[in-house]
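# Observations on the model geometry
Residue-level listing of the chains:
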Amino acid sequence: SQQGEEDPQALSIQEGENATMNCSYKTSINNLQWYRQNSGRGLVHLILIRSNEREKHSGRLRVTLDTSKKSSSLLITASRAADTASYFCATGDNFGNEKLTFGTGTRLTIIP
Amino acid sequence: DAGVIQSPRHEVTEMGQEVTLRCKPISGHDYLFWYRQTMMRGLELLIYFNNNVPIDDSGMPEDRFSAKMPNASFSTLKIQPSEPRDSAVYFCASSRLAGANTGELFFGEGSRLTVL
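These figures come from a predicted structure and were not determined experimentally. (Residues numbered from 1 in each chain as written. Chains lettered and ligands numbered in written order. Predicted model: local features only at pLDDT ≥ 70, side-chain atom pairs only at ≥ 80, totals over all residues. Heavy atoms only, no water.)

As a further point, take the packing of aromatic side chains. Scanning the entire structure with this criterion turns up nine aromatic pairs over all chains. Ring centres 6.4 Å apart and planes at 20° place the aromatic pair Tyr31(B) and Phe33(B) in the stacked group. Judged on exposure class, the residue Tyr31(B) and its partner Phe33(B) are both buried. An angle of 40° between the planes, with centres 5.8 Å apart, marks the rings of Tyr35(B) and Phe107(B) as tilted. Of this pair, Tyr35(B) sits in strand S4 (residues 31-38) while Phe107(B) is found in strand S10 (residues 106-107), placing the two residues 72 residues apart along the sequence. Among the residues examined, Phe107(B) registers a relative accessible area of 11% and is labelled buried. A network of ring pairs unites the aromatic residues Tyr35(A), Phe102(A), Tyr31(B), Phe33(B), Tyr35(B), Tyr48(B), Phe91(B) and Phe107(B) as a single cluster. (Phe/Tyr/Trp six-rings, centres within 6.5 Å; stacked < 30°, edge-to-face > 60°. Buried < 20%, exposed > 50% of the residue type's maximum accessible area, 1.4 Å probe, protein only. Helix = DSSP H or I, 4+ residues; strand = E, 2+ residues; numbered from the N terminus.)

Quick look at the sheet that holds strand S7 (residues 61-66) of chain A now. Residues and elements named next belong to chain A. Judged by pairing direction, the sheet is antiparallel, and its five strands sit side by side in the order S1-S3-S8-S7-S6 without closing on themselves. The two strands at the open ends of the sheet, each matched to only one other strand, are strand S1 (5-7) and strand S6 (55-58). Direction aside, the axes of adjacent strands within the sheet are offset by 20° on average. Pairing geometry for S6 and S7, over four bridges, is antiparallel. Note on S7: the bridge partner recorded for serine 58 is leucine 61. (Pairing = 2+ DSSP bridges. Axes fitted to C-alpha atoms, helices over the stretch in contact; angles between N-to-C directions.)

The next subject is the state of the cysteines. Counted under the stated rule, the structure contains two disulfides over all chains. Two residues share a disulfide in this structure: Cys23(A) and Cys89(A), whose sulfurs sit 2.0 Å from each other. The sign of the S-S torsion, about 65°, decides the handedness of the disulfide formed by Cys23(A) and Cys89(A): right-handed. In this pair, Cys23(A) sits in strand S3 (residues 19-24) while Cys89(A) sits in strand S9 (residues 85-93), placing the two residues 66 residues apart along the sequence. Assessed through its relative accessible area of 1%, Cys23(A) is described here as buried. On the accessibility criterion, Cys89(A) (0% relative accessible area) is buried. Through a disulfide, Cys23(B) is tied to Cys92(B); the S-S separation comes to 1.9 Å. What sets the handedness of the Cys23(B) and Cys92(B) disulfide is the S-S torsion sign, and at about -65° it is left-handed. (Disulfide = S-S within 2.5 Å.)

All names here are of chain B. Pairing is antiparallel in the open sheet, where four strands are placed in the order S1-S3-S8-S7. Edge positions in the sheet fall to strand S1 (5-7) and strand S7 (65-71), since each has one partner strand and no second. The average undirected angle you get between the axes of adjacent strands in this sheet is 15°. Judged from the five bridges that link them, S7 and strand S8 (residues 74-79) form a sheet pairing that is antiparallel. Directly across from serine 66, in S8, lies its bridge partner lysine 78.

All names here are of chain B. Most of strand S5 (residues 42-50) sits out of view: eight of its nine residues are buried. Across eight bridges, the pairing between S4 and S5 is antiparallel. Opposite arginine 36, over in S5, you have glutamate 44 as the bridge partner. Between the end of S4 and the start of S5, which pair antiparallel, lie three residues. In this structure, S5 lies alongside strand S6 (residues 53-56), joined through three bridges in antiparallel fashion.

The subject of this paragraph is the interface of chain B and chain A. Every contact between the two is made by 23 residues of chain B and, on the other side, 22 residues of chain A. Here chain B and chain A share an interface that buries about 1,800 Å² over both sides, 45% of which is from carbon and sulfur atoms. In this structure, the connection of chain B to chain A is made through two salt bridges. In this structure, Lys99(A) engages Asp56(B) in a salt bridge whose closest nitrogen and oxygen atoms are separated by 2.9 Å. The tally of links from chain B across to chain A stands at six residue pairs in polar contact (both at pLDDT 80 or more). Put simply, the parts of the chain that give the side of chain B that touches chain A at least two residues each are S4 and S5 of chain B. A per-class count over the side of chain B that touches chain A returns ten nonpolar, eight polar and five charged. (Contact = heavy atoms within 4.5 Å. Buried area = accessible area lost by both parts, 1.4 Å probe. Salt bridge = Lys/Arg side-chain N within 4 Å of Asp/Glu carboxyl O. Polar contact = N/O pair within 3.5 Å; in protein donor to acceptor, adjacent residues only side chain to side chain. Nonpolar A, V, L, I, M, F, W, Y, C, P; charged D, E, K, R; others polar.)

Right under this line is the structure:
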């Protein structure tokens, strides 16, 4: 079953604009991660935010986490054509195991 | 480091045939995960290993699926007999000692399976 649900399912923006994707999850988490998947390729880790953190930055990426609302957002600033991909959130739970459960993904298209 | 290596990249087979997918994790990674990706169900965790030992196989859909990890550098996922509904992209991923709860997963490029 899917732990995370991304919103929107698909997003198209002009190059240079900012892209925001949201993720909601259901159970208590240890951390939340975001991954990118280019078409026909494997997933690539972007950023990890722990349950006691509220915001984290990495280059043009900004991730926020609101554990009270069980939600996270990924902001990509100054988007580029190369950012076209699917983006997934993934959660590690608090039950002592090492499983990462992935959401349904947001397909992002950057229009040059 | 070459990353996680999966083979074959593409496999087309007929219903009833045996399919074996292979994975070489990153050296030094103690955790290995098998995921399946379909449009309908997204990314599903099938099974994962720690130090070559299967820890959780609750995601394996049925007895037709089996996975082994005979050593730290090799794992297989086998489907016997295969069915059209097994058509999907199968990903192998590995992570370091700390595991998925504190670290990132490194994914292979996937094996795209089509069962006719």
